[in-house]
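# Examination of the molecular architecture
Residue strings, one per chain:
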Amino acid sequence: MVSTNNGEIGVGLISVGWMGKLHTRAYQALPSVYPELGLRPRLVHAADTAPDRVEYACDVLGYAQASTDYRAVLANPDVDVVSICAPTGLHREIAVAAAEANKHFWIEKPVGRDAKDAGDVAAAAAKTDVVTSIGYNYRHVPAVERVRELVAGGQLGRITNVRAVFFSGYAAEPKAALSWRFIREHAGSGALGDLLSHVVDLVQYIVGRIGDVNAVTSTVYTERPILPMGSGTHFAVIEDGEMGTVENDDYAAVLARFAATSGAAGAVGTLEASRIVVGPQCGLGFEIYGTAGSATWNFEQMNELQVCLGRGGPHAGYTTVLGNASLGDYAHFQPGPGISMGYDDLKVIEAKKFLVAVTGGERRNCTAADAHHVAEVIAAAAASAEEGTWQHVPTVPGATFGGESE
Ligand SMILES: NC(=O)c1ccc[n+]([C@@H]2O[C@H](COP(=O)([O-])OP(=O)(O)OC[C@H]3O[C@@H](n4cnc5c(N)ncnc54)[C@H](O)[C@@H]3O)[C@@H](O)[C@H]2O)c1
(Lines give C-alpha, C1' and ligand atoms only; values in the text may rest on other atoms or scores of the structure.)
Protein backbone atom coordinates (compact mmCIF):
# COMPACT_ATOMS: atom_id res chain seq x y z
CA MET A 1 0.00 0.00 0.00
CA VAL A 2 1.27 3.51 -0.83
CA SER A 3 1.16 6.09 1.97
CA THR A 4 1.07 9.40 0.17
CA ASN A 5 2.75 12.66 0.94
CA ASN A 6 -0.05 15.24 0.63
CA GLY A 7 -1.85 12.83 -1.71
CA GLU A 8 1.06 12.73 -4.16
CA ILE A 9 1.61 9.44 -6.02
CA GLY A 10 4.63 9.01 -8.28
CA VAL A 11 3.60 7.63 -11.68
CA GLY A 12 5.73 5.63 -14.08
CA LEU A 13 4.64 4.85 -17.64
CA ILE A 14 5.92 2.05 -19.84
CA SER A 15 5.10 2.61 -23.53
CA VAL A 16 3.84 5.86 -24.96
CA GLY A 17 1.42 4.61 -27.64
CA TRP A 18 -2.36 5.06 -27.71
CA MET A 19 -2.91 3.54 -24.27
CA GLY A 20 0.17 5.19 -22.72
CA LYS A 21 -1.14 8.61 -23.66
CA LEU A 22 -4.61 7.73 -22.42
CA HIS A 23 -3.42 6.45 -19.02
CA THR A 24 -1.51 9.72 -18.68
CA ARG A 25 -4.59 11.82 -19.45
CA ALA A 26 -6.51 9.75 -16.89
CA TYR A 27 -3.96 10.49 -14.14
CA GLN A 28 -4.04 14.17 -15.12
CA ALA A 29 -7.85 14.34 -14.98
CA LEU A 30 -8.24 12.41 -11.72
CA PRO A 31 -7.74 15.28 -9.21
CA SER A 32 -10.45 17.42 -10.85
CA VAL A 33 -12.93 14.57 -11.47
CA TYR A 34 -12.53 13.09 -7.97
CA PRO A 35 -11.35 16.05 -5.80
CA GLU A 36 -12.75 14.39 -2.66
CA LEU A 37 -10.03 11.71 -2.85
CA GLY A 38 -7.24 14.25 -2.38
CA LEU A 39 -4.99 12.25 -4.70
CA ARG A 40 -2.43 14.01 -6.89
CA PRO A 41 -0.66 11.76 -9.41
CA ARG A 42 2.79 13.15 -10.32
CA LEU A 43 4.25 12.15 -13.72
CA VAL A 44 7.73 10.94 -12.78
CA HIS A 45 9.25 8.68 -15.43
CA ALA A 46 8.18 7.28 -18.82
CA ALA A 47 9.83 4.82 -21.22
CA ASP A 48 9.42 3.79 -24.84
CA THR A 49 11.84 2.21 -27.31
CA ALA A 50 10.88 4.82 -29.94
CA PRO A 51 13.07 7.93 -29.29
CA ASP A 52 10.44 10.38 -30.63
CA ARG A 53 7.92 8.98 -28.13
CA VAL A 54 10.47 9.39 -25.31
CA GLU A 55 10.75 13.08 -26.23
CA TYR A 56 6.96 13.40 -26.49
CA ALA A 57 6.59 11.93 -22.99
CA CYS A 58 8.63 14.78 -21.47
CA ASP A 59 7.86 17.66 -23.82
CA VAL A 60 4.15 17.14 -24.34
CA LEU A 61 2.82 14.78 -21.67
CA GLY A 62 4.92 16.35 -18.91
CA TYR A 63 6.89 13.43 -17.42
CA ALA A 64 9.91 14.70 -15.46
CA GLN A 65 12.17 12.08 -17.02
CA ALA A 66 12.01 9.56 -19.87
CA SER A 67 14.14 6.63 -21.06
CA THR A 68 14.32 4.07 -23.86
CA ASP A 69 14.64 1.18 -21.37
CA TYR A 70 11.59 0.37 -19.20
CA ARG A 71 13.87 -0.94 -16.44
CA ALA A 72 14.84 2.67 -15.65
CA VAL A 73 11.21 3.36 -14.73
CA LEU A 74 11.06 0.37 -12.40
CA ALA A 75 14.39 1.34 -10.78
CA ASN A 76 13.24 4.91 -10.04
CA PRO A 77 12.51 5.19 -6.28
CA ASP A 78 10.10 8.09 -6.88
CA VAL A 79 7.81 5.83 -8.91
CA ASP A 80 5.04 4.38 -6.70
CA VAL A 81 2.77 2.98 -9.42
CA VAL A 82 3.40 1.93 -13.02
CA SER A 83 1.18 1.90 -16.07
CA ILE A 84 2.16 -0.93 -18.41
CA CYS A 85 0.91 -0.05 -21.90
CA ALA A 86 3.35 -2.09 -23.98
CA PRO A 87 2.38 -4.45 -26.80
CA THR A 88 0.78 -7.59 -25.42
CA GLY A 89 3.84 -9.82 -25.99
CA LEU A 90 5.79 -7.75 -23.44
CA HIS A 91 3.15 -7.79 -20.70
CA ARG A 92 4.50 -10.84 -18.89
CA GLU A 93 8.14 -9.74 -18.77
CA ILE A 94 7.36 -6.17 -17.70
CA ALA A 95 4.60 -6.99 -15.20
CA VAL A 96 6.67 -9.68 -13.46
CA ALA A 97 9.58 -7.21 -13.27
CA ALA A 98 7.22 -4.54 -11.85
CA ALA A 99 5.96 -6.91 -9.16
CA GLU A 100 9.53 -7.89 -8.27
CA ALA A 101 10.39 -4.19 -7.99
CA ASN A 102 7.39 -3.81 -5.63
CA LYS A 103 5.61 -1.38 -7.92
CA HIS A 104 1.81 -1.51 -8.01
CA PHE A 105 0.81 -1.78 -11.66
CA TRP A 106 -2.07 -0.87 -13.96
CA ILE A 107 -1.63 -3.05 -17.02
CA GLU A 108 -3.48 -3.08 -20.29
CA LYS A 109 -5.58 -6.04 -21.29
CA PRO A 110 -5.31 -8.88 -22.16
CA VAL A 111 -2.25 -9.34 -19.85
CA GLY A 112 0.03 -11.37 -22.08
CA ARG A 113 -0.35 -13.55 -25.12
CA ASP A 114 -1.99 -16.52 -23.44
CA ALA A 115 -3.14 -18.06 -20.17
CA LYS A 116 0.44 -18.97 -19.20
CA ASP A 117 1.57 -15.33 -19.48
CA ALA A 118 -1.48 -14.08 -17.56
CA GLY A 119 -1.04 -16.78 -14.89
CA ASP A 120 2.61 -15.83 -14.40
CA VAL A 121 1.64 -12.17 -13.96
CA ALA A 122 -1.12 -13.01 -11.46
CA ALA A 123 1.26 -15.27 -9.50
CA ALA A 124 4.00 -12.61 -9.39
CA ALA A 125 1.51 -10.01 -8.16
CA ALA A 126 0.10 -12.35 -5.51
CA LYS A 127 3.59 -13.23 -4.27
CA THR A 128 4.60 -9.62 -3.65
CA ASP A 129 1.15 -8.33 -2.69
CA VAL A 130 1.21 -5.43 -5.14
CA VAL A 131 -2.16 -3.98 -6.20
CA THR A 132 -3.04 -4.62 -9.84
CA SER A 133 -5.52 -3.02 -12.20
CA ILE A 134 -6.41 -4.20 -15.70
CA GLY A 135 -7.46 -2.15 -18.73
CA TYR A 136 -10.85 -3.81 -19.14
CA ASN A 137 -12.34 -0.31 -19.25
CA TYR A 138 -15.82 -1.14 -20.55
CA ARG A 139 -16.69 -2.41 -17.04
CA HIS A 140 -16.81 1.20 -15.88
CA VAL A 141 -19.50 2.44 -18.29
CA PRO A 142 -22.31 3.74 -16.02
CA ALA A 143 -24.93 1.82 -18.06
CA VAL A 144 -22.89 -1.39 -17.69
CA GLU A 145 -22.62 -0.90 -13.93
CA ARG A 146 -26.41 -0.51 -13.86
CA VAL A 147 -26.96 -3.78 -15.73
CA ARG A 148 -24.65 -5.51 -13.28
CA GLU A 149 -26.79 -4.18 -10.41
CA LEU A 150 -29.99 -5.34 -12.13
CA VAL A 151 -28.57 -8.86 -12.54
CA ALA A 152 -27.19 -9.01 -8.99
CA GLY A 153 -30.44 -7.64 -7.55
CA GLY A 154 -32.51 -10.26 -9.40
CA GLN A 155 -34.60 -7.70 -11.35
CA LEU A 156 -34.03 -9.62 -14.58
CA GLY A 157 -34.99 -12.89 -12.89
CA ARG A 158 -32.86 -15.98 -13.52
CA ILE A 159 -30.40 -15.28 -16.35
CA THR A 160 -31.14 -17.66 -19.22
CA ASN A 161 -28.98 -16.51 -22.14
CA VAL A 162 -26.51 -13.87 -23.27
CA ARG A 163 -25.50 -12.58 -26.71
CA ALA A 164 -22.36 -10.45 -26.74
CA VAL A 165 -20.10 -9.19 -29.53
CA PHE A 166 -17.14 -6.99 -30.24
CA PHE A 167 -17.46 -6.11 -33.93
CA SER A 168 -14.64 -3.72 -34.80
CA GLY A 169 -13.66 -2.51 -38.25
CA TYR A 170 -10.05 -1.54 -37.48
CA ALA A 171 -8.71 -4.05 -40.02
CA ALA A 172 -11.69 -4.07 -42.43
CA GLU A 173 -9.50 -2.55 -45.17
CA PRO A 174 -7.50 -5.31 -46.90
CA LYS A 175 -4.54 -2.86 -46.85
CA ALA A 176 -4.94 -2.11 -43.15
CA ALA A 177 -1.48 -2.28 -41.58
CA LEU A 178 0.15 -5.44 -40.26
CA SER A 179 0.79 -3.97 -36.79
CA TRP A 180 2.14 -6.05 -33.90
CA ARG A 181 -1.47 -7.21 -33.29
CA PHE A 182 -1.23 -9.65 -36.24
CA ILE A 183 2.03 -11.34 -35.12
CA ARG A 184 1.84 -14.21 -32.59
CA GLU A 185 5.10 -13.35 -30.84
CA HIS A 186 3.78 -9.86 -30.04
CA ALA A 187 0.06 -10.52 -29.60
CA GLY A 188 -0.72 -14.21 -29.20
CA SER A 189 -4.15 -14.72 -30.77
CA GLY A 190 -5.92 -12.12 -32.94
CA ALA A 191 -9.56 -11.06 -32.51
CA LEU A 192 -9.80 -13.67 -29.73
CA GLY A 193 -7.25 -12.08 -27.38
CA ASP A 194 -7.57 -8.50 -28.56
CA LEU A 195 -11.36 -8.15 -28.75
CA LEU A 196 -13.15 -11.22 -27.39
CA SER A 197 -11.22 -10.78 -24.13
CA HIS A 198 -13.20 -7.54 -23.57
CA VAL A 199 -16.45 -9.44 -24.24
CA VAL A 200 -15.53 -12.25 -21.85
CA ASP A 201 -14.54 -9.81 -19.12
CA LEU A 202 -17.81 -7.89 -19.49
CA VAL A 203 -20.13 -10.88 -19.36
CA GLN A 204 -18.21 -12.42 -16.45
CA TYR A 205 -18.33 -9.06 -14.64
CA ILE A 206 -22.07 -8.76 -15.14
CA VAL A 207 -23.37 -12.33 -15.19
CA GLY A 208 -20.88 -14.84 -13.78
CA ARG A 209 -18.10 -17.32 -14.51
CA ILE A 210 -17.92 -19.06 -17.88
CA GLY A 211 -17.28 -22.78 -17.34
CA ASP A 212 -17.23 -24.41 -20.80
CA VAL A 213 -16.76 -23.18 -24.37
CA ASN A 214 -16.93 -24.38 -27.96
CA ALA A 215 -15.44 -22.10 -30.62
CA VAL A 216 -14.60 -21.47 -34.27
CA THR A 217 -12.11 -18.94 -35.64
CA SER A 218 -11.22 -17.76 -39.14
CA THR A 219 -8.63 -15.57 -40.84
CA VAL A 220 -10.05 -13.64 -43.78
CA TYR A 221 -6.99 -11.62 -44.91
CA THR A 222 -3.79 -13.68 -44.77
CA GLU A 223 -1.33 -10.90 -45.80
CA ARG A 224 -1.10 -7.21 -44.97
CA PRO A 225 1.40 -4.33 -45.44
CA ILE A 226 3.99 -4.24 -42.65
CA LEU A 227 3.89 -1.40 -40.06
CA PRO A 228 7.16 -0.90 -38.10
CA MET A 229 6.83 -1.09 -34.28
CA GLY A 230 6.44 2.30 -32.60
CA SER A 231 5.02 4.07 -35.64
CA GLY A 232 1.44 4.93 -36.60
CA THR A 233 -1.53 3.14 -35.06
CA HIS A 234 -3.32 -0.11 -35.79
CA PHE A 235 -5.95 1.88 -37.71
CA ALA A 236 -3.33 2.83 -40.37
CA VAL A 237 -3.87 1.86 -44.03
CA ILE A 238 -0.71 1.44 -46.16
CA GLU A 239 -1.22 1.39 -49.94
CA ASP A 240 2.14 0.22 -51.37
CA GLY A 241 3.95 -1.36 -48.44
CA GLU A 242 5.90 -4.61 -48.22
CA MET A 243 3.49 -7.43 -47.37
CA GLY A 244 3.82 -9.76 -44.36
CA THR A 245 1.85 -12.76 -43.09
CA VAL A 246 -1.13 -12.43 -40.76
CA GLU A 247 -0.47 -15.05 -38.08
CA ASN A 248 -3.68 -15.03 -36.07
CA ASP A 249 -7.49 -14.95 -36.28
CA ASP A 250 -9.64 -12.13 -37.72
CA TYR A 251 -12.90 -13.58 -36.38
CA ALA A 252 -13.92 -15.76 -33.44
CA ALA A 253 -17.25 -17.16 -32.25
CA VAL A 254 -17.83 -18.94 -28.96
CA LEU A 255 -20.72 -20.93 -27.54
CA ALA A 256 -20.51 -20.59 -23.77
CA ARG A 257 -22.01 -22.32 -20.75
CA PHE A 258 -21.84 -20.43 -17.47
CA ALA A 259 -20.38 -22.47 -14.61
CA ALA A 260 -22.76 -24.55 -12.51
CA THR A 261 -21.25 -23.00 -9.37
CA SER A 262 -21.61 -19.41 -10.57
CA GLY A 263 -24.55 -17.10 -9.90
CA ALA A 264 -25.55 -17.74 -13.53
CA ALA A 265 -25.81 -21.54 -13.29
CA GLY A 266 -27.79 -22.87 -16.24
CA ALA A 267 -27.24 -19.78 -18.39
CA VAL A 268 -25.74 -20.14 -21.87
CA GLY A 269 -24.61 -17.68 -24.48
CA THR A 270 -22.90 -16.76 -27.73
CA LEU A 271 -19.87 -14.47 -27.86
CA GLU A 272 -18.36 -13.16 -31.12
CA ALA A 273 -15.51 -10.87 -32.15
CA SER A 274 -14.28 -9.56 -35.47
CA ARG A 275 -11.61 -7.03 -36.43
CA ILE A 276 -12.54 -7.02 -40.13
CA VAL A 277 -16.28 -6.40 -40.04
CA VAL A 278 -17.69 -3.72 -42.37
CA GLY A 279 -20.36 -1.59 -40.76
CA PRO A 280 -19.88 -1.66 -37.00
CA GLN A 281 -16.84 0.43 -36.02
CA CYS A 282 -16.41 -0.15 -32.30
CA GLY A 283 -19.45 -2.35 -31.77
CA LEU A 284 -18.93 -3.88 -28.37
CA GLY A 285 -22.37 -4.83 -27.12
CA PHE A 286 -24.47 -7.31 -25.21
CA GLU A 287 -28.00 -8.55 -24.75
CA ILE A 288 -28.71 -10.21 -21.41
CA TYR A 289 -31.95 -12.14 -21.05
CA GLY A 290 -33.57 -13.33 -17.84
CA THR A 291 -36.90 -14.87 -16.88
CA ALA A 292 -38.22 -11.47 -15.69
CA GLY A 293 -36.50 -8.96 -17.97
CA SER A 294 -33.59 -8.12 -20.22
CA ALA A 295 -31.02 -5.42 -20.93
CA THR A 296 -29.24 -4.38 -24.13
CA TRP A 297 -26.25 -2.07 -24.55
CA ASN A 298 -23.72 -1.20 -27.27
CA PHE A 299 -20.61 0.97 -26.90
CA GLU A 300 -21.41 2.83 -30.13
CA GLN A 301 -24.30 4.36 -28.13
CA MET A 302 -22.39 4.20 -24.87
CA ASN A 303 -24.76 6.50 -22.97
CA GLU A 304 -27.94 4.62 -23.86
CA LEU A 305 -29.24 1.54 -22.09
CA GLN A 306 -32.29 -0.45 -23.24
CA VAL A 307 -34.09 -2.13 -20.35
CA CYS A 308 -37.20 -4.28 -20.21
CA LEU A 309 -38.43 -5.08 -16.70
CA GLY A 310 -41.37 -7.45 -16.43
CA ARG A 311 -43.09 -9.68 -18.99
CA GLY A 312 -46.12 -7.53 -19.87
CA GLY A 313 -48.15 -4.50 -18.81
CA PRO A 314 -48.82 -1.29 -20.69
CA HIS A 315 -45.10 -0.58 -21.25
CA ALA A 316 -44.12 -4.01 -22.57
CA GLY A 317 -40.84 -3.92 -24.47
CA TYR A 318 -37.77 -1.78 -24.08
CA THR A 319 -37.36 1.55 -22.32
CA THR A 320 -34.36 3.71 -23.24
CA VAL A 321 -32.46 4.97 -20.22
CA LEU A 322 -30.00 7.83 -20.80
CA GLY A 323 -26.93 8.56 -18.70
CA ASN A 324 -27.90 10.01 -15.33
CA ALA A 325 -26.61 10.46 -11.81
CA SER A 326 -28.02 7.11 -10.59
CA LEU A 327 -25.74 5.16 -12.90
CA GLY A 328 -22.17 4.33 -11.84
CA ASP A 329 -19.78 7.28 -11.72
CA TYR A 330 -21.82 9.42 -14.16
CA ALA A 331 -22.31 12.28 -11.69
CA HIS A 332 -18.56 12.80 -11.44
CA PHE A 333 -18.45 13.74 -15.11
CA GLN A 334 -21.72 15.48 -16.00
CA PRO A 335 -24.01 17.81 -14.01
CA GLY A 336 -27.31 16.55 -15.42
CA PRO A 337 -28.87 13.63 -17.30
CA GLY A 338 -28.50 12.94 -21.01
CA ILE A 339 -25.08 14.57 -21.44
CA SER A 340 -22.72 12.08 -23.07
CA MET A 341 -19.63 10.66 -21.45
CA GLY A 342 -16.83 9.33 -23.68
CA TYR A 343 -14.32 6.51 -23.96
CA ASP A 344 -11.50 8.48 -22.27
CA ASP A 345 -13.68 9.00 -19.19
CA LEU A 346 -13.68 5.23 -18.63
CA LYS A 347 -9.92 5.36 -18.09
CA VAL A 348 -10.35 8.11 -15.48
CA ILE A 349 -12.70 5.79 -13.57
CA GLU A 350 -10.18 2.97 -13.99
CA ALA A 351 -7.36 5.18 -12.66
CA LYS A 352 -9.57 6.08 -9.69
CA LYS A 353 -10.34 2.44 -8.82
CA PHE A 354 -6.61 1.63 -9.11
CA LEU A 355 -5.31 4.49 -6.96
CA VAL A 356 -8.05 4.07 -4.34
CA ALA A 357 -7.00 0.43 -3.95
CA VAL A 358 -3.30 1.36 -3.95
CA THR A 359 -3.84 3.84 -1.12
CA GLY A 360 -5.68 1.29 1.02
CA GLY A 361 -9.28 2.10 0.09
CA GLU A 362 -12.07 0.04 -1.44
CA ARG A 363 -11.00 -2.70 -3.88
CA ARG A 364 -13.20 -2.20 -6.96
CA ASN A 365 -10.24 -2.69 -9.32
CA CYS A 366 -10.19 -5.45 -11.90
CA THR A 367 -7.30 -7.68 -10.81
CA ALA A 368 -4.60 -9.81 -12.43
CA ALA A 369 -6.53 -12.88 -11.20
CA ASP A 370 -9.64 -11.66 -13.06
CA ALA A 371 -7.56 -11.16 -16.22
CA HIS A 372 -6.05 -14.62 -15.74
CA HIS A 373 -9.52 -16.17 -15.77
CA VAL A 374 -10.43 -14.25 -18.94
CA ALA A 375 -7.20 -15.58 -20.49
CA GLU A 376 -8.21 -19.14 -19.51
CA VAL A 377 -11.55 -18.68 -21.31
CA ILE A 378 -9.70 -17.38 -24.40
CA ALA A 379 -7.21 -20.28 -24.22
CA ALA A 380 -10.06 -22.78 -23.97
CA ALA A 381 -11.75 -21.15 -26.98
CA ALA A 382 -8.50 -21.34 -28.99
CA ALA A 383 -8.11 -25.02 -28.08
CA SER A 384 -11.72 -25.71 -29.02
CA ALA A 385 -11.30 -23.98 -32.40
CA GLU A 386 -8.22 -26.13 -33.00
CA GLU A 387 -9.67 -29.45 -31.83
CA GLY A 388 -13.38 -29.01 -32.61
CA THR A 389 -14.49 -30.07 -29.11
CA TRP A 390 -16.04 -28.49 -26.02
CA GLN A 391 -13.36 -27.30 -23.58
CA HIS A 392 -13.65 -26.87 -19.82
CA VAL A 393 -12.27 -23.60 -18.39
CA PRO A 394 -10.12 -24.12 -15.27
CA THR A 395 -10.93 -22.01 -12.21
CA VAL A 396 -8.52 -19.31 -11.07
CA PRO A 397 -8.12 -18.67 -7.33
CA GLY A 398 -9.05 -15.12 -6.33
CA ALA A 399 -10.84 -14.21 -9.55
CA THR A 400 -14.14 -12.37 -9.12
CA PHE A 401 -17.34 -12.68 -11.14
CA GLY A 402 -20.31 -10.37 -10.93
CA GLY A 403 -18.28 -8.72 -8.17
CA GLU A 404 -18.08 -11.92 -6.09
CA SER A 405 -15.37 -14.57 -5.86
CA GLU A 406 -16.63 -18.15 -5.93
N1 LIG B 1 -8.36 -1.16 -23.05
C2 LIG B 1 -8.52 -0.92 -24.34
O3 LIG B 1 -9.62 -0.60 -24.79
C4 LIG B 1 -7.32 -1.01 -25.24
C5 LIG B 1 -7.30 -0.34 -26.47
C6 LIG B 1 -6.12 -0.42 -27.23
C7 LIG B 1 -5.03 -1.16 -26.79
N8 LIG B 1 -5.10 -1.84 -25.62
C9 LIG B 1 -3.95 -2.64 -25.14
O10 LIG B 1 -2.89 -1.73 -24.81
C11 LIG B 1 -1.63 -2.29 -25.14
C12 LIG B 1 -0.90 -1.29 -26.05
O13 LIG B 1 -1.69 -1.05 -27.21
P14 LIG B 1 -1.59 0.35 -28.00
O15 LIG B 1 -2.73 0.38 -28.94
O16 LIG B 1 -1.42 1.48 -27.04
O17 LIG B 1 -0.24 0.09 -28.80
P18 LIG B 1 0.61 1.12 -29.66
O19 LIG B 1 1.14 0.34 -30.80
O20 LIG B 1 -0.16 2.39 -29.89
O21 LIG B 1 1.79 1.48 -28.66
C22 LIG B 1 2.73 0.55 -28.23
C23 LIG B 1 3.97 1.31 -27.78
O24 LIG B 1 4.86 0.38 -27.18
C25 LIG B 1 6.19 0.77 -27.53
N26 LIG B 1 7.13 -0.33 -27.30
C27 LIG B 1 7.43 -1.38 -28.10
N28 LIG B 1 8.39 -2.14 -27.51
C29 LIG B 1 8.67 -1.58 -26.31
C30 LIG B 1 9.57 -1.91 -25.24
N31 LIG B 1 10.39 -2.96 -25.30
N32 LIG B 1 9.61 -1.08 -24.15
C33 LIG B 1 8.79 0.02 -24.08
N34 LIG B 1 7.93 0.36 -25.07
C35 LIG B 1 7.87 -0.42 -26.16
C36 LIG B 1 6.05 1.18 -28.99
O37 LIG B 1 7.15 1.96 -29.43
C38 LIG B 1 4.73 1.97 -28.93
O39 LIG B 1 4.96 3.34 -28.64
C40 LIG B 1 -1.93 -3.64 -25.79
O41 LIG B 1 -1.71 -4.66 -24.85
C42 LIG B 1 -3.40 -3.59 -26.19
O43 LIG B 1 -4.04 -4.85 -26.13
C44 LIG B 1 -6.21 -1.74 -24.82
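Predicted, not measured: the structure shown is a model, and the values here were computed from it.

The next subject is the pattern of salt bridges. Side-chain pairs of opposite charge can arise whenever the charged atoms involved come near each other. Applying the stated criterion across every chain, the model contains 21 salt bridges. Note that Asp-120 and Lys-116 form a salt bridge whose closest N and O atoms lie 2.6 Å from each other. Placement of both Asp-120 and Lys-116 in helix α5 (residues 115–128) is noted, with a separation of four residues, approximately one turn of the helix. Residue Arg-139 pairs with Asp-201 through a salt bridge whose shortest N-O separation is 2.7 Å. With Arg-139 in the loop between β6 (132–134) and α6 (142–152) and Asp-201 in helix α8 (residues 191–206), this residue pair connects regions lying 62 residues apart in the sequence. By relative accessible area, which is 3% here, Asp-201 ends up buried.

Here we take up the packing of aromatic side chains. Applying the stated criterion across every chain, the model contains 11 aromatic pairs. Ring geometry for Tyr-138 against Phe-299: centres 5.2 Å apart, planes inclined by 80°, an arrangement best described as edge-to-face. Taken together, the residues span a long stretch of sequence, with Tyr-138 in the loop between β6 and α6 and Phe-299 in the loop between β14 (293–298) and β15 (304–309) at a distance of 161 residues. Taking relative accessible area as the criterion, Tyr-138 reaches 4% and is therefore assigned buried. Residue Phe-299 is classed as buried on the basis of its relative accessible area of 12%. Arranged with centres 5.5 Å apart and planes meeting at 35°, the rings of Phe-286 and Trp-297 form a pair that is tilted.

With that settled, the discussion passes to the site of the ligand. Taken together, 27 residues are adjacent to the ligand, and Ser-15, Asp-48, Arg-53, Asn-137 and Tyr-343 come closest. Here Ser-15 contributes a side-chain N or O atom positioned 2.7 Å from a nitrogen atom of the ligand. In the model, a nitrogen atom of the ligand is placed 2.9 Å from a nitrogen or oxygen of the Glu-108 side chain. Look at the ligand: alone it shows 860 Å² of surface, and the protein chains cover 93% of it. Among the elements of the structure, α1 (18–33) and α9 (343–358) are those that each provide at least two residues to the shell around the ligand. Residues belonging to the shell around the ligand are distributed by class as follows: 12 nonpolar, nine polar and six charged.

Here we come to unusual backbone geometry. In the segment running from Lys-109 into Pro-110, the intervening peptide bond is cis, with an omega of 0°. Secondary-structure assignment places Pro-110 in the loop between β5 (104–107) and α5. Of note, the phi angle at Asn-102 is positive, near 60°, even though the residue is not glycine. Topologically, Asn-102 is positioned in the loop between α4 (91–100) and β5. A positive phi angle is found at Val-111, which is not glycine, with a value near 65°. By relative accessible area, which is 1% here, Val-111 ends up buried.

Here the focus is α9. Counted at 1.5 Å a residue, the expected span for α9 with its 16 residues is 22 Å, and the 23 Å between its end C-alpha atoms agrees. Buried residues dominate α9, accounting for 15 of its 16 residues. Following α9 by one or two positions, Gly-360 adopts a phi angle in the positive range, close to 90°.

Criteria and cut-off values
Residues numbered from 1 in each chain as written. Predicted model: local features only at pLDDT ≥ 70, side-chain atom pairs only at ≥ 80, totals over all residues. Heavy atoms only, no water. Salt bridge = Lys/Arg side-chain N within 4 Å of Asp/Glu carboxyl O. Helix = DSSP H or I, 4+ residues; strand = E, 2+ residues; numbered from the N terminus. Buried < 20%, exposed > 50% of the residue type's maximum accessible area, 1.4 Å probe, protein only. Phe/Tyr/Trp six-rings, centres within 6.5 Å; stacked < 30°, edge-to-face > 60°. Near = heavy atom within 4 Å. Polar contact = N/O pair within 3.5 Å; in protein donor to acceptor, adjacent residues only side chain to side chain. Areas by Shrake-Rupley, 256 points an atom, 1.4 Å probe, with all protein chains shown as cover. Nonpolar A, V, L, I, M, F, W, Y, C, P; charged D, E, K, R; others polar. Expected span 1.5 Å × (residues − 1).

So, to be careful, I would describe these as geometric facts and stop short of saying anything about function.
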